[in-house]
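Letter by letter, the chains look like this.
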Amino acid sequence: MTTSSGTVPDVSPSQVLSVSPSLPTNKLLDNLTKNQRLLQLLPQNYEKRQYFNNLFQTLLDDFFYSHERPDVQLYAAICLADIIRIWAPNLPDAPPEKKLNMFLFLARQLLALKKIDDPLFSRRYYLLENLSMVQSFIPAVNLEDNRGCQISTLVFNNLFNALQKNHTDQLKNLMIDIVTVILAEYESIPFSLLELLFARIIDPEKKLREECYELVESIIRRGESYLKPAIAEYFKAVLITEDTESLQLHNKIYYVFDELCHISESIVDELIPTIEHRLTVSNEKHRRDAAKIIAYVTSSPNNDFAQRHKTLWSTFLDQFKNGTSEIQLTCLKHLKSYFVNHPELRTDLEDVMIRLSLSSDTNIRSQLMIQIRAITSSNLLDISDKIKQILCGRARDKIWDVRKEALDYLGHVYKKECTNANWSNDTQKQLTWVANCIIHLYYQKTTQDKLLAERLLTFYLIPWDVNTDDKVKVFLELYSNVDENAQRAIREMIHSKFLFRRQLIKLIDFTLQMADSNISNDDKQLIELKLVSLIHVIALRCLPNPDKNESVLKSFTVYAIKNHKQSLTTNEESSIVSIFKKALSDGIKAKEAYSLANGIGQMLLEEATKEQKRFPGNTSEDQTTNGTPTIENNGHGQYRKMCGLIKTMFEKISTLLFDQETASKLLKSIFEKVSHEPEQPASYYENINQLLKVFVQYPLVFNSSESLELLCNLLKQRVLELAPTLIRTIEACAPMIISLKQTSMMTLLDSELSTYLTLHPPIAKRTLYCICALHPDKKDELLQKMIDDTHYDQFESEQFTTRLVLLGHMIQISPITLADIGKRILSNIAKHIIDKQQTNDDDETNMSTSFLHGDFTLLPDEPHADPDIGSDARVKRELVKAMTRAILGLRENASGLFNIVYKLIRKCIENDQDFTNEMSENEIIYIRLCGLSCLLKLICNSYFHTRIKPDDFLVIITLLRDSSSIIRQRTYRELTEHLRDPSCPIELLALLAFAAKEPEREHREQIRRSMLQIIDTRREHIKLQLSYKTAHTTNDIDQHNEQNPSTTNDKPIDYTLYPEYSLTYFLFFLSKSPAFILYDDIEMLHTMTDYILFLLDALLLRCDATVGLFYKGLLRSIKSSEDATLSLEKEDKPERKDEIKKLHVLVDLAYVILSQHASSLMICRASSNVPLPDMYFKKAKFNHLSYLPKDFKIKLKPITTTTVSDTLTTKRTIINNSETNNITTASSITISTSPKTTRKKRISEGENENEDDDDDNDDNKEQNLPNKRRKGSANSNKQRKRKLSNSITENEDNNSTASTVTSKKARKNTTTNSTNRSRVNFSYEKPQLRSASISSGSSTPTRKTRSKGSAKLTTKN
């Protein structure tokens, strides 16, 4: 082009050549070229520019715009551009349509710039440069009728489309100049032009054409001064006025905003109010979209958007915290970006996260856990306390998936840290909160949570697959740092794993027996019953989804039996049962067991593949036939379910956590630490003791020579803190030590144990039992020698208490050998003390009341000694316990020693002043609890139980009502511990029910839970015994009757073991309450109601449907009995009658409570009587009277009693392909008694109907009344029910808490019920108890009429 320094040529009209369309093409092109060269030399605003008017008018012809040759079009365009240049800033005169077509033609020529390899590219570049120099498109902007926008749109599109990556920067700058000038010329930039720019900065154009994005970015930055108001108006139109009909990109407005944030801060500042407004609109979708873009922008790296726009950030946080679930989920996705890119925003976001962690939406909590998992990046050492709080909270989430996500992540991170080479005790302390959070899950109610906690313990907290030394180190550090509850949970989990392994071993043994062809079918039936019972117990207590997994476990057992039989036929050794048994063997290592489990799983998967080929349509659900799993058509994914079950079971067994190698390393670690540093903290010894107490229950884990040697070496260290538990462990391992036959080890143990016999009583006692276990064949000789070598007359010796304790245990261990000498020594000790107190030797009473008031000494360093308990009190306690153990061992040989011990025990409990005269309050508690413990041992002993009197139980009740909470709690604890044994006397359960009035609510609820557990355990035990008995009876009855026809094998189980029988003793004990003086004391009867309800609520929670029959028979029996403990003297007759009334009024009260509280159970009829204990009750005439006061009212809500059927029988699987035997419902109570044959006529009076056997005239009058109401008995029933309803409503309105016992309610007698119960007769079916407070002669006519109607109903029944 011409420069300013060049010479301007003198142009004549003749130099401007014709470009007529009629010229040949080549001539036309030549003339265009020459004219272009001439125009190129001319400057802007050339004086003789009018010479080119004709050329301009010719070039406006459409001929050139549509010419077939591009070079002709190009040179025509260049000529037009040069003419515009020399005419600038004006244009030659032309019609508007011509001008529009000209500018469109020029704009179309710009598109060809993309062809860089085109020979005409240089001339096109010249065209672009020429158009940019004088801003040739400015006149086009001012064209009318929106023609300027049309031209601008075409220019923009062609320039953007023509842009290529290898274009020079100079060419790009020319494009930028053209676009920015056009945009600057507009007073108000059209939205369509803005959308052309926006379309190039968002996807997909942004990714497909980065060069175009950079070009538009430069355009926006250069023209932001005039683009800012236009863009702001565009955003207002979209986000505020929502006028989007003519807009194409309104749905991508937030993508545009995002890109503008990266391009121009000033433009974005202008848009912030609009975006903030969008966050507060009512439309949820609009708020969500706005929150989404703000979350994305503010979380992006390398910006301070949130810091610059505080108001917007605050509004966003409010929506994040309090918005809808959709908004919160949208914002949550950017949480990781915030923490990574903007650490300064963590404080604000953590507060929001805490709020979200408490959201009711499960998806929000789940997504929050996913984001936290990404935020922490498997590093929990540096996270804040707030995130720790969130993790711990979600670990207890009510939704399983959220809990699992949180806990699994915590476990994964913990394992990553503990397997790190830099793992240390300090790291463990920093992550203690993780371990506590995971382990505390074990205390959740569901089995699923318990299994997850056990799995996380095995796989993450104490990784089973790491080096054994590292595993022991991690385990000890974990156990020493977690809190007390977590420690207890770890012990329970280890115990559970060992117990589950033991159950699986038993399961495999039963399976092998079922596959053994040498066992008879009769024996297999009993084995099958035990197997089904064991499967049910395993599924119910150890597996998630018990019902489904019980079916799968049965199917696996059936398949395993079948598979083992086939392997025996083909002489193969690789049956599933044999592999399973090998995986559970004692000496196997964890990795070997896991490998065998994988082998079993692979075998099951192969069977699943075969089954799918045989039954391709069966893919989903279980199939059973008559409740029996089938293997022949088991293609509904059952084999895959078995594989999953095997995985679950092997994750739970103890082998993965503690095999023999791990146990040996654990003992080695303890030995090294104790030998190098004997002075360890007390907490360390306590932790080791707790762990050893768990392992001592499963001593096979120490069944290796290395472990046994380490136990001996630990004993040799003489660490008194570990001595009792360590000796107990050696005692449990005694059979294994004997099997080693190592004389040196036995000699070492004997030598060391002999020194422990002189230590404190707890250590000496355990040592004694350990010696007996190590020498089972010589224990009598050893004990005899020990007694012969011991001096028991050195009362002031420090060893006296220890010798006394050992003496009692030795007599109990070997009563036959040591009977005479043991009794003689105990008698001499007592006589010495009695002589010392100057009492009569022959007076047993004096001996039991005033012995042991001398001075005694104890070992000076006895551990765990209570300083408040003196030596005298301890010696008394140990002597009472020693004498108790002696008589427990001697039994029938105890002779007079029992009476002495019995009196001592009673005086201990009763706090006899002669016995506890000089004792402190703590010492008295100490002695009373000792007496309780000894008395309970006698009660639970089958021999001495018959010698226990009812007064002894009443003495225990005094402890339960003692003012000292320590005595009460310890007494309840002792009762609970003894009741764990299903054969324990049921009287103790009745005593436990006195917790109804325990002052501390938490303690009361704890006792109630214990009662429920005890009742369930007893019922399961009875069910199992009945099931075994039924199987024996079914299998052997024919053969047994042939051999011994006079003997039957169907003797029922002792009914006194049933938990329901505790009501018998409970009512008796209640009647002996010192506060219960008057039988018609209404306030006291309400108290008794609370007591009875406390027991009945526990008994009725999961009872059998037939229990109502038992309760009616029981109550009838008590009403037909008198208190056997009452005096028969004539002068005591009034008192005896009052005591009987108190007992019978409690029976009446119990029946009313049962009738209201469990009416569904009490609709049965019963004529049988329940046998009562002779020591408590004696037979008498049936008492028809009801002693409940007429104005005594109670109102109880009926409960839905959960009847428990015998699941063992209803779900029984016929594993041996034999017929199902009908098993008696195990929870039903069978009592063989002869029913009454004659009964007297009953007189009904609502709830207080009574049966009177007196022969006075008034009763005769009542019985001989005319029967005018017989025909209307059904109607009278309805009327009485209506009256009862009105009475109850009235009582409720008056805020009454009771309903009248004497309410006029009669049970509706349906035809079906009368048919089913027509042959059964029981006086309590319609309680005919006439109130004892109203004489027979004062009966009103109304009562007589009501009696006649009731008599009519009775006759019909």
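Here, the structure is the one placed above.
None of the values given here were measured: they were computed from a predicted structure.

A.B. asks: I would appreciate a short explanation of the overall build of the protein in the present structure.
C.D. replies: Looking only at helices and strands, one finds 61 helices and 8 strands in the protein. Per-residue burial for the protein yields a buried fraction of 53% across its 1357 residues. Summing over all exposed atoms, the protein offers an accessible surface of approximately 61100 Å²; the carbon and sulfur share of this is 47%.

A.B. asks: Would you take a moment to explain the pattern of salt bridges for this structure?
C.D. replies: Side chains carrying opposite charge are able to pair once their charged atoms draw close together. Considering all chains together, one arrives at 38 salt bridges under this definition. Between Glu-1020 and Arg-541 there is a salt bridge, and its shortest N-O distance comes to 2.5 Å. Of this pair, Glu-1020 sits in helix α52 (residues 1001–1043) while Arg-541 sits in helix α30 (residues 521–542), placing them 479 residues apart in sequence. Glu-1020 sits in the partly exposed class, given a relative accessible area of 35%.

A.B. asks: How should the packing of aromatic side chains be read in this particular structure?
C.D. replies: Each aromatic ring pair is specified by the distance between its two centres and by the angle formed by the two planes. What the rule picks out here adds up to 41 aromatic pairs. Consider the rings of Phe-475 and Tyr-479, whose centres lie 6.3 Å apart with planes at 40°: the pair is tilted. Of this pair, Phe-475 and Tyr-479 both sit in helix α28 (residues 468–481), 4 residues apart, roughly one helical turn. Tyr-479 sits in the buried class, given a relative accessible area of 1%. These aromatic residues form a ring-pair network of at least three members: Phe-953, Tyr-1061, Tyr-1065, Phe-1068, Phe-1069, Phe-1110, Tyr-1111, Tyr-1176 and Phe-1177. Between Arg-123 and the ring centre of Tyr-126, over which it is positioned, the NZ or CZ distance is 5.0 Å. Taking the ring centre of Phe-500 as reference, the NZ or CZ of Lys-652 above it sits at 5.5 Å.

A.B. asks: So what exactly am I meant to see when it comes to the state of the cysteines here?
C.D. replies: Every disulfide links exactly two cysteines, by a covalent bond between their sulfur atoms. Across all of its chains, the model carries 0 disulfides by this definition. In this structure Cys-437 is a free cysteine whose sulfur lies 4.0 Å from that of Cys-392, the closest cysteine sulfur available. Overall, Cys-437 belongs to the buried group, its relative accessible area being 6%. Cys-770 carries a free sulfur, and the closest cysteine sulfur to it, the one in Cys-712, is 9.2 Å from it.

About the criteria used
As a convention, each chain's residues are numbered from 1 in the sequence order in which they are written. Only residues with pLDDT of 70 or above have their local features reported here, since the model is predicted, and side-chain atom pairs are shown and tallied only from 80 upward, although totals for entire chains, interfaces and linings are computed over all residues. In computing side-chain properties, one takes all heavy atoms of the structure into account and sets aside hydrogens as well as water. Secondary structure counts use DSSP, requiring at least four H or I residues in a row for a helix and at least two E residues in a row for a strand, with both numbered from the N terminus. The buried label goes to any residue with under 20% of its type's maximum accessible area, the exposed label to any with over 50%, and the partly exposed label to all in between, with areas taken from a 1.4 Å probe on protein chains only. The method behind every accessible area is Shrake-Rupley, applied with a 1.4 Å probe, and residues are considered shielded solely by the protein chains displayed. Think of a salt bridge as a Lys or Arg side-chain nitrogen and an Asp or Glu carboxyl oxygen that are within 4 Å of each other. Here a pair means two rings of Phe, Tyr or Trp (six-membered ring of Trp) with centres within 6.5 Å. Their orientation is stacked below 30 degrees between planes, edge-to-face above 60, and tilted elsewhere. Think of it as a cone above the ring: NZ of Lys or CZ of Arg counts as a charge over the ring if it is within 6 Å of the ring centre and within 35 degrees of the ring normal. Pairs of cysteine sulfur atoms within 2.5 Å are identified as disulfides in what follows.

Purely spatial values, then, with no claim about function.
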